[in-house]
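Summary of structural features
Take a look at the letters that make up each chain.
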Amino acid sequence: MRSNFLKLVLPAFAILLAVGLAFATEDNTIANEGYYLDDFGNWITVTVEPECFNGGQIACTSDGHQLYAEKSTSSFPLAKN
Amino acid sequence: MPNRGIYPKLINLFSLLLTLLFVYTATSKLIHLDTFQTRLERMPYISSYATLISWIVPFLELVIAGLLWFQKYRKVALYGSLVLLGVFTIYILVVLNYSDSIPCSCGGIISTLGWRAHILFNTTFMIMALLGIIWYHNDNIIQTHQNTT
């Protein structure tokens, strides 16, 4: 009985829980995207850490370029603490 | 029945947590396969293999999660967990030299972690897999010894 619990019920419970959680947190997985202007004048989109949208003293950069919230240098420059 | 201590229970607990992690992240990636693929395409070094990686990573995660519950394959699955998490962590560390923005294409709410928290998170699970391997090995030695005496 105990062996069945470990072999069957526990993994089945874990799998169901994980799948349920994946669907339950689906809305929280929206990509945080930032943009930077490369040396050739093209806007490059990158995934950035969420803290960069809070602002702060440390500039968020990618490949040495300042990241912006939108594809415009007049938009919010991303930074964190 | 001989008392084999707390280690087999801990191996079960670690297997359970690794299963939760792998099934959760694999499902999240598969739900948003397009987003996951797009994020991979924007990553340095691996962008040309984005399509292949976007299928292989969740597939491997699900296979490892399944194998963790077959006694025969548990050791292989623990090694697989350690290697897979190790590869993710090394990749993050390498890319962070190139950019200070998190290169995260991981699944679910894990993608909202900062890079420090992410490395800590991965390291914790890698330690679990490593301890699982060591204890599993020791447990097998004890069992073999008990069977031969």
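Everything numeric here is computed off the predicted structure, so don't read it as measured data. (Residues numbered from 1 in each chain as written. Chains lettered and ligands numbered in written order. Predicted model: local features only at pLDDT ≥ 70, side-chain atom pairs only at ≥ 80, totals over all residues. Heavy atoms only, no water.)

The next subject is the overall build of chain B. A tally of helices and strands in chain B yields five helices and zero strands. When burial is assessed residue by residue, chain B has 46% of its 149 residues classed as buried. Sequence separation of at least 24 residues holds for 72% of the intrachain contacts in chain B that already meet a minimum separation of 6. (Helix = DSSP H or I, 4+ residues; strand = E, 2+ residues; numbered from the N terminus. Buried < 20%, exposed > 50% of the residue type's maximum accessible area, 1.4 Å probe, protein only. Contact = heavy atoms within 4.5 Å.)

Let's shift gears to the side chain of Ser75(A). Residue and element names in this part refer to chain A. Structurally, Ser75 can be placed in the loop between β5 (65–66) and β6 (79–80). Among the residues examined, Ser75 registers a relative accessible area of 11% and is labelled buried. Within the structure, Ser75 has its side chain in polar contact with the backbone oxygen of Ser72 (distance 2.6 Å). If we skip the residues at most four places from it in the chain, Ser75 touches Tyr68, Ala69 and Glu70. (Polar contact = N/O pair within 3.5 Å; in protein donor to acceptor, adjacent residues only side chain to side chain.)

Take the packing of helix α3 (residues 50–67) of chain B against helix α4 (residues 74–96) of chain B next. Residue and element names in this part refer to chain B. Taken N-terminus to C-terminus, the directions of α3 and α4 make an angle of 145 degrees; their axes are 8 Å apart at the nearest point. Crossing of α3 over α4 shows left-handed handedness. Counting all contacts with α3, which are made through Val57, Leu60, Glu61, Ile64 and Leu67, the residues of α4 involved are Arg74, Ala77, Gly80, Ser81, Leu84 and Phe88. Counted by class, the contact of α3 with α4 contains seven nonpolar, two polar and two charged residues. (Axes fitted to C-alpha atoms, helices over the stretch in contact; angles between N-to-C directions. Left-handed = near helix turned anticlockwise from the far one by under 90°. Nonpolar A, V, L, I, M, F, W, Y, C, P; charged D, E, K, R; others polar.)

On to α4(B), then. With 23 residues, α4(B) extends 33 Å between its outermost C-alpha atoms, agreeing within 8% with the 33 Å of an ideal straight helix rising 1.5 Å per residue. When α4(B) is considered as a whole, its buried residues turn out to be Arg74(B), Ala77(B), Leu78(B), Ser81(B), Leu84(B), Leu85(B), Gly86(B), Thr89(B), Tyr91(B), Ile92(B), Val95(B) and Leu96(B). (Expected span 1.5 Å × (residues − 1).)

The geometry of an aromatic ring pair comes down to the distance between the two centres and the angle between the two planes. Residue and element names in this part refer to chain B. A full pass over the atoms with the stated rule returns four aromatic pairs over all chains. Taking the centre distance of 5.8 Å and the plane angle of 20 degrees together, the rings of Phe14 and Trp135 count as stacked. Separated by 121 residues along the polypeptide, Phe14 in helix α1 (residues 7–31) and Trp135 in helix α5 (residues 115–148) bring together distant segments of the chain. One exposure class covers both Phe14 and Trp135, and it is buried. Taking the centre distance of 5.0 Å and the plane angle of 50 degrees together, the rings of Phe121 and Phe125 count as tilted. With Phe121 and Phe125 both in helix α5 and four residues apart, this pair spans about one turn of that helix. (Phe/Tyr/Trp six-rings, centres within 6.5 Å; stacked < 30°, edge-to-face > 60°.)

If the charged atoms of two oppositely charged side chains come close together, the side chains can form a pair. Residue and element names in this part refer to chain B. Using the criterion set out here, one finds one salt bridge over all chains in the structure. Across the pair Glu61 and Lys29 runs a salt bridge, and its minimum N-O distance is 2.8 Å. Here Glu61, found in helix α3, pairs with Lys29, found in helix α1; they are 32 residues apart in sequence, far enough to count as distant. No difference in accessibility class separates Glu61 from Lys29, as the two residues are buried. (Salt bridge = Lys/Arg side-chain N within 4 Å of Asp/Glu carboxyl O.)

Residues and elements named next belong to chain A. Scanning the model with the defined rule gives one disulfide over all chains in all. The partner cysteine of Cys52 in its disulfide is Cys60, sulfur to sulfur 2.0 Å. Since a negative S-S torsion denotes a left-handed disulfide, the Cys52-Cys60 link at about -95 degrees is left-handed. Taken as a pair, Cys52 and Cys60 share a single burial class, namely buried. (Disulfide = S-S within 2.5 Å.)

The next thing to look at is the environment of Ile90(B). Here Ile90(B) shows up in helix α4. Spatially, the C-alpha atoms of Ile90(B) and Ile119(B) are 9.2 Å apart, while their sequence positions differ by 29 residues.

Here we come to the confidence of the model for chain A. Confidence in the prediction for chain A averages 80 pLDDT; 86% of positions are at 70 or higher. When pLDDT is averaged over each element of chain A, β5(A) comes out on top at 88 and strand β2 (residues 43–47) of chain A at the bottom at 81. (pLDDT = per-residue confidence, 0-100.)

Attention now goes to the UniProt feature "transmembrane region" (unreviewed entry) in chain B. Residue and element names in this part refer to chain B. The UniProt record marks residues 52–70, 77–99 and 119–136 with the feature "transmembrane region" (unreviewed entry), using the residue numbering of this structure. Taken end to end, residues 52–70 is 84% helix and 0% strand, and its first and last C-alpha atoms sit 27 Å apart. Secondary structure content for residues 119–136 is 100% helix and 0% strand, while the C-alpha to C-alpha distance between its ends is 25 Å. (UniProt positions renumbered as here; feature names shortened; annotations may be inferred.)

The next thing to look at is the environment of Leu84(B). All names here are of chain B. By the secondary structure assignment, Leu84 is in helix α4. Taking the C-alpha atoms as reference points, Leu84 and Leu60, 24 residues apart in sequence, are found 8.5 Å from one another. If near-sequence neighbours (up to four positions away) are discounted, Leu84 is found in contact with Phe22, Leu60, Glu61 and Ile64.

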